[in-house]
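# Structure assessment
For reference, the chains in residue letters:
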Amino acid sequence: MSTQFLRLGIPKGSLQEATINLFGKAGWKIKLHNRNYFPDIDDERISCSLARAQEMSMYVENGTFDVGLTGMDWIRENKSDVVVVDDLIYSKVSNRKARWVLCVRGDSAYKRPEDLQGKKIATELVGFTREYFASLGVDVDVSFSWGTTEAKVVEGLCDAVVEITETGTTIRANGLRIIAELMQTNTQLIANKDAWADPKKRQLIEEINLLLQGALKASRMVGLKMNLPKDRLAELNGSLPSLNSPTVAELQDPSWLSVEVMVEEKIVRDLIPRLKAFGAEGIIEYPLNKVI
């Protein structure tokens, strides 16, 4: 296999750090350079480039990149003809889908999208927003926003905005009110159709996806290891959560067992006191890099 035969696009901007961290947990170290759009990656089969998430699907479609990461929103906005390999739900804020929402001033009279007939809408997602309102039969003036979109409603530059949010905190902080959700979106691993048709490139893309998915799964889980009285195992086993079933090993003292499980991190704070009540000792919690 020749070196650097797979061209990988990394989203520049808000997802950049989270993407590089995810690849690190998956097994690829990506090193950035100041004012350079071509990071190093510790895999001689892969070359790396940075591109805005808004443009990534176009670069993948035209073959500039063989594979890249971008949001489903930008794939739909650009109407890009690419292979969607898999979902990659991750961000610096939360592991959940973001939403494109229609917002108005908190004190406005607008309650529904239909109330905006003839009004001005500002957004970065121009094409999709126009299609959304057209599907409702509502005639609006949609203009592109170069940033600080929420402030434009407050300043009276438009009547409503279509903006992306995960928690809604920024929208509320700007005195806005959500009146409709237009789309849910999350990051996608996408591939160029010709690259996907190439068996060697497709194999590497699928390997990348496998390890990225394993890193994502691990980010929501931890390992727990403990010593447990042997006579309490049967009582505990039915209620002990784990990926499949606990790993159990004999100890030198025949009255004790070593028990190991992988569980969702969010339940650990409730689980550890329960384990302690069952007589568990030496409970150790440890992070996981990948769960395949």
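Where an unreviewed UniProt entry is consulted, the chain appears under the name ATP phosphoribosyltransferase, with the organism given as Pseudodesulfovibrio alkaliphilus. Database annotation for the chain, UniProt heading Function (unreviewed entry): "Catalyzes the condensation of ATP and 5-phosphoribose 1-diphosphate to form N'-(5'-phosphoribosyl)-ATP (PR-ATP). Has a crucial role in the pathway because the rate of histidine biosynthesis seems to be controlled primarily by regulation of HisG enzymatic activity." Looking at the chain in UniProt, the text filed under Cofactor (unreviewed entry) is "Mg(2+)".

## Quick word on helix α1 (residues 16-26)
Of all the positions in α1, only Gln16, Ala18, Thr19, Ile20, Leu22, Phe23 and Ala26 are classed as buried. Of the surrounding elements, those touching the buried residues of α1 are β1 (6-12), β2 (30-33), β4 (46-52), β5 (67-71) and α8 (199-219). Phi turns positive, to about 125 degrees, at Gly27, one or two residues after α1.

## Description of the pattern of salt bridges
Considering all chains together, one arrives at 16 salt bridges under this definition. Between Asp43 and Arg45 there is a salt bridge, with its nearest N and O atoms 2.7 Å apart. You can call Asp43 buried: its relative accessible area is 10%. Its salt-bridge partner being Glu207, residue Arg45 comes within 3.8 Å of it at the nearest N-O pair. With Arg45 in the loop between β3 (36-41) and β4 and Glu207 in helix α8, the pair connects residues that are 162 residues apart, well separated along the chain. For Arg45, a relative accessible area of 24% corresponds to the partly exposed category. On the basis of relative accessibility, which here comes to 32%, the residue Glu207 falls in the partly exposed class.

## Thoughts on the sheet that holds strand β10 (residues 160-165)
The strand order β9-β8-β10-β7-β11 describes an open sheet built from 5 strands, whose pairing is mixed. Looking along the sheet, the strands with just one partner apiece sit at the ends: β9 (141-144) and β11 (176-185). Neighbouring strand axes in the sheet, compared pairwise and without regard to direction, differ in orientation by 25 degrees on average. With 8 bridges joining them, strand β7 (residues 98-105) and β11 adopt antiparallel strand pairing. The partner of Arg105 across the bridge, within β11, is Leu176.

## Examining the domain arrangement of the chain
Domain assignment breaks the chain into domain 1 (6-93 + 187-218), domain 2 (98-184) and domain 3 (221-287). Contact with domain 1, which involves 9 residues of that partner, is made by 11 residues of domain 2. Approximately 830 Å² of surface area, both sides summed, lies buried where domain 1 meets domain 2, with 51% of it carried by carbon and sulfur atoms. Where domain 1 packs against domain 2, one counts 2 salt bridges. Residue Arg52 pairs with Glu124 through a salt bridge whose shortest N-O separation is 3.7 Å. Here domain 1 and domain 2 share 6 residue pairs in polar contact (both at pLDDT 80 or more) between them. The biggest single contributor to the side of domain 1 that touches domain 2 is helix α3 (residues 72-78), with 4 residues. Considering only residue class, the side of domain 1 that touches domain 2 consists of 2 nonpolar, 2 polar and 5 charged.

## Some remarks on the environment of Leu182
Tracing the sequence through the fold places Leu182 in strand β11. Judged by relative accessible area, which is 12%, Leu182 ranks as buried. When the C-alpha atoms of Leu182 and Tyr132 are compared, they prove to be 7.4 Å apart, with 50 residues separating the residues in sequence. Among all residues touching Leu182, those that are not within four sequence positions of it are Trp100, Val101, Leu102, Phe128, Thr129, Tyr132 and Val162.

Calculation rules
- Residues numbered from 1 in each chain as written.
- Predicted model: local features only at pLDDT ≥ 70, side-chain atom pairs only at ≥ 80, totals over all residues.
- Heavy atoms only, no water.
- UniProt positions renumbered as here; feature names shortened; annotations may be inferred.
- Buried < 20%, exposed > 50% of the residue type's maximum accessible area, 1.4 Å probe, protein only.
- Helix = DSSP H or I, 4+ residues; strand = E, 2+ residues; numbered from the N terminus.
- Contact = heavy atoms within 4.5 Å.
- Salt bridge = Lys/Arg side-chain N within 4 Å of Asp/Glu carboxyl O.
- Pairing = 2+ DSSP bridges.
- Axes fitted to C-alpha atoms, helices over the stretch in contact; angles between N-to-C directions.
- Domains from an automatic or database assignment.
- Buried area = accessible area lost by both parts, 1.4 Å probe.
- Polar contact = N/O pair within 3.5 Å; in protein donor to acceptor, adjacent residues only side chain to side chain.
- Nonpolar A, V, L, I, M, F, W, Y, C, P; charged D, E, K, R; others polar.

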